[in-house]
Every structure is written in structure tokens, then in C-alpha cells.
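# Inside the fold
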Amino acid sequence: DTEVTQTPKHLVMGMTNKKSLKCEQHMGHRAMYWYKQKAKKPPELMFVYSYEKLSINESVPSRFSPECPNSSLLNLHLHALQPEDSALYLCASSGTGRGTGELFFGEGSRLTVL
Amino acid sequence: AQTVTQSQPEMSVQEAETVTLSCTYDTSESDYYLFWYKQPPSRQMILVIRQEAYKQQNATENRFSVNFQKAAKSFSLKISDSQLGDAAMYFCAYRRNNAGNMLTFGGGTRLMVKP
């Protein structure tokens, strides 16, 4: 199984809503990532979890709250978002040892904030 | 900090022809990976090819090959016998070889394939 599964694929929310994006992998990877991608731009790193602990937070606003309940799951909780937060949110996972270079990406969750 | 530069925002190739996408990077590290990812309109990022910096031999995956010039910090992607399904955004990416380190992406090159 070499898949990273993200749900939902599409999400529309108002600025006062609370919603969550979910990501799951069963490759035994112990590093998981959230990226944000605007149209025609490269993905921008938001968070990195390594062994279920937050290891990198790229100065993301607190209205984005990541959570890693176990080694297979990664959530991104959304609250009081702004229209400029509309984007494609990509989850990825990777191994953590030497020789485990590539990241495996999910299909993304397309978020629209009204 | 590492930077990755793709100088070609768009490229076009005729079906069955060969095209080369350029990528340069800047790093002070000696141990790292380089990747080419493809992102079709379906939006999933798919790994095309990877190169480990300590390997001098250029990586090859079927119709895809790289020209890795470590001293020049250049990492170009050659696509041979281009197919309509190759049309996508292509991102060059760098990753330091260490646990939990993130990818640094270039700005991307949109490849169009003409039938």
C-alpha cells in the first residue's frame, strides 16, 4: 500500500465555521507533512510531524491547528479562516531513516473559504 | 537556506519529441536528495525520478532521465518520446538527507504536449 489518503477532497466553509482535514497512510512512515498550495505555485510547507511530535511549524497562523493522533493519521483543524486561506492542502508522508528520501503525497483537499 | 530555481515557467513539446526541463539549486550541504515531481490537473504530486547527491551516475526511469551536475548545482530532467499524458506541472525539489526534513520546491514548469 503506497497511498496517502486525504478527506474530504473538497471543502467549502464560512469564516466562522470549524472543520477538519484528515490524512491517513499505512506505509509505516513516521514523518508526516502538511503543505499549502495556491494556484500555479509550488507547495509551501506548513507543518512537519516526526514520530507523532510536531517538529516544524513554519510560522503558520493559529487558525490552523495540526494534530497527529497516531503514526498513521494526521489532521488539520481549521477555525476562523480567511478567504485568502482558500487553497489546495496537501498531506505527505515519508520514512525517517537514511535512504528514505521521497515524500508520498495525497491528492489534496481543495478548500474554499467564503 | 536552500533555494531551488526553475527558470522555465512554461515549455512546449511535440508528441514523440524530447524536452529538457531545467533546475538549479543552492546549498552548502553535501548529502541531499533531488527530485522531480509531476502534478497533473488531477493535482496529486507524483514522483517522477530521484537522485542521491553522493551517486555520480545519473538516474533513469524509463523515458525520464536526469543530468545531475553536482559542482554546477544543476539538475535537469529529460523526457524522451513525449506523450500527451506527460502534460503537467513539473516541480524540481531538494531535500537534505536527515530525518523529518522538508522538501524545498522550485517554482514549477508547466509542460504542454502538442499532438
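Above this text sits the structure in question.
A brief report on the enclosed structure follows. (Residues numbered from 1 in each chain as written. Chains lettered and ligands numbered in written order. Predicted model: local features only at pLDDT ≥ 70, side-chain atom pairs only at ≥ 80, totals over all residues. Heavy atoms only, no water.)

### Some details on the interface of chain B and chain A
- Counting residues at the interface gives 23 residues for chain B, matched by 29 residues for chain A.
- Taking both sides of the interface into account, the surface hidden between chain B and chain A amounts to around 2100 Å²; carbon and sulfur atoms contribute 51%.
- The interface formed by chain B and chain A holds one salt bridge in total.
- Note that Arg 50 of chain B and Glu 102 of chain A form a salt bridge whose closest N and O atoms lie 2.3 Å from each other.
- Applying the counting criterion to the chain B and chain A interface returns nine residue pairs in polar contact (both at pLDDT 80 or more).
- Elements with a contribution of two residues or more to the side of chain B that touches chain A: β5 (32–39), β6 (46–52) and β10 (88–96) of chain B.
- In terms of residue count, β5 of chain B provides more of the side of chain B that touches chain A than any other element does, four residues in total. (Contact = heavy atoms within 4.5 Å. Buried area = accessible area lost by both parts, 1.4 Å probe. Salt bridge = Lys/Arg side-chain N within 4 Å of Asp/Glu carboxyl O. Polar contact = N/O pair within 3.5 Å; in protein donor to acceptor, adjacent residues only side chain to side chain. Helix = DSSP H or I, 4+ residues; strand = E, 2+ residues; numbered from the N terminus.)

### Re the sheet that holds strand β3 (residues 18–25) of chain A
All names here are of chain A.
- Pairing is antiparallel across the open sheet formed by four strands, whose spatial order is β1-β3-β8-β7. Looking at strand neighbours, the two that pair on one side only are β1 (4–7) and β7 (64–70), the edges of this open sheet. Adjacent strand axes in the sheet meet at a mean angle of 20° when their direction is disregarded.
- Pairing of β7 with strand β8 (residues 73–79), which is carried by five bridges, proceeds in the antiparallel orientation. Bridge pairing in β8 places Pro 66 opposite Leu 76. (Pairing = 2+ DSSP bridges. Axes fitted to C-alpha atoms, helices over the stretch in contact; angles between N-to-C directions.)

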